[in-house]
Amino acid sequence: MKAGDTLVAEGEESEARAGFKLYAALAGVPFEVIADLDLDDFMTLVEKAAPLMGKSGAGMLEDLKKALAKA
């Protein structure tokens, strides 16, 4: 992941939606593909992708888990 990848979710108020947008952009798929995933499958994706996202991956994983818990 590069710093510029995070800009895809700039201005998004919902942390969960911002995370979905980021994963969709990184995977090269439309937002709806990520949004339509079963939540368990999405969390598996997030956990598997976190190490590939460098140092920020673990932090993003925790932030996303918190955001989804609030939703």
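Look above for the structure.
No experiment lies behind these values; they were computed from the predicted model shown.

Peer 1: Provide a residue-level description of the pattern of salt bridges, including the pertinent values.
Peer 2: Following the criterion strictly, the structure yields two salt bridges and no others. Close ionic contact of Glu 12 with Arg 17 constitutes a salt bridge, the shortest N to O distance being 3.7 Å. Its relative accessible area of 24% is what places Glu 12 among the partly exposed residues. Between Lys 21 and Glu 12 there is a salt bridge, with the nearest N and O atoms lying 2.8 Å from each other. In this structure Lys 21 comes out as partly exposed when scored by relative accessible area, which is 26%.

Peer 1: Got a sec to walk through the environment of Ala 16? Specific residues and values, please.
Peer 2: Position of Ala 16 relative to the elements: it lies in helix 1 (residues 15–27). Put simply, Ala 16 and Leu 68 are 52 residues apart on the chain and 6.0 Å apart in space, counted from C-alpha to C-alpha. If we ignore the near neighbours within four places in the chain, the residues touching Ala 16 are Leu 64, Ala 67 and Leu 68.

Peer 1: Could you give an account of the nonpolar core, with specific residues and numbers?
Peer 2: With 16 residues, the main nonpolar core has Tyr 23, Phe 42, Val 46, Leu 64 and Leu 68 as its most contacted residues. Broken down by secondary-structure element, the contributors of at least two residues to this core are helix 1, helix 3 (39–49) and helix 4 (56–70). Ranked by residues supplied to this core, first place goes to helix 1 with five residues.

Peer 1: I'd like a description of the packing of aromatic side chains, backed by residues and values.
Peer 2: One pass over the structure, following the stated rule, counts three aromatic pairs. The interplanar angle of 90° and the centroid separation of 5.9 Å between the aromatic rings of Tyr 23 and Phe 42 together place this pair among those described as edge-to-face. Of this pair, Tyr 23 sits in helix 1 while Phe 42 sits in helix 3, and the two are 19 residues apart along the sequence. Take Phe 42: its relative accessible area is 1%, and that puts it in the buried class. Grouped by ring-pair contacts, the aromatic residues Phe 20, Tyr 23, Phe 31 and Phe 42 constitute a single cluster.

Peer 1: Kindly report on helix 3, identifying the contributing residues and their values.
Peer 2: Taken as a whole, helix 3 has its buried residues at Phe 42, Met 43, Val 46 and Ala 49. Taken end-on, helix 3 shows its buried residues confined to a sector of 135°, consistent with a single buried face. Away from the buried face of helix 3 by more than 90 degrees, exposed residues Asp 40 and Lys 48 are located. Between the side-chain oxygen of the N-cap and the backbone nitrogen of Asp 40 there are 3.0 Å, and the N-cap of helix 3 in question is Asp 38.

Criteria and cut-off values
Residues numbered from 1 in each chain as written. Predicted model: local features only at pLDDT ≥ 70, side-chain atom pairs only at ≥ 80, totals over all residues. Heavy atoms only, no water. Salt bridge = Lys/Arg side-chain N within 4 Å of Asp/Glu carboxyl O. Buried < 20%, exposed > 50% of the residue type's maximum accessible area, 1.4 Å probe, protein only. Helix = DSSP H or I, 4+ residues; strand = E, 2+ residues; numbered from the N terminus. Contact = heavy atoms within 4.5 Å. Core = buried A, V, L, I, M, F, W, Y, C linked by side-chain atoms within 4.5 Å. Phe/Tyr/Trp six-rings, centres within 6.5 Å; stacked < 30°, edge-to-face > 60°. Arc of directions from axis to C-beta. Polar contact = N/O pair within 3.5 Å; in protein donor to acceptor, adjacent residues only side chain to side chain.

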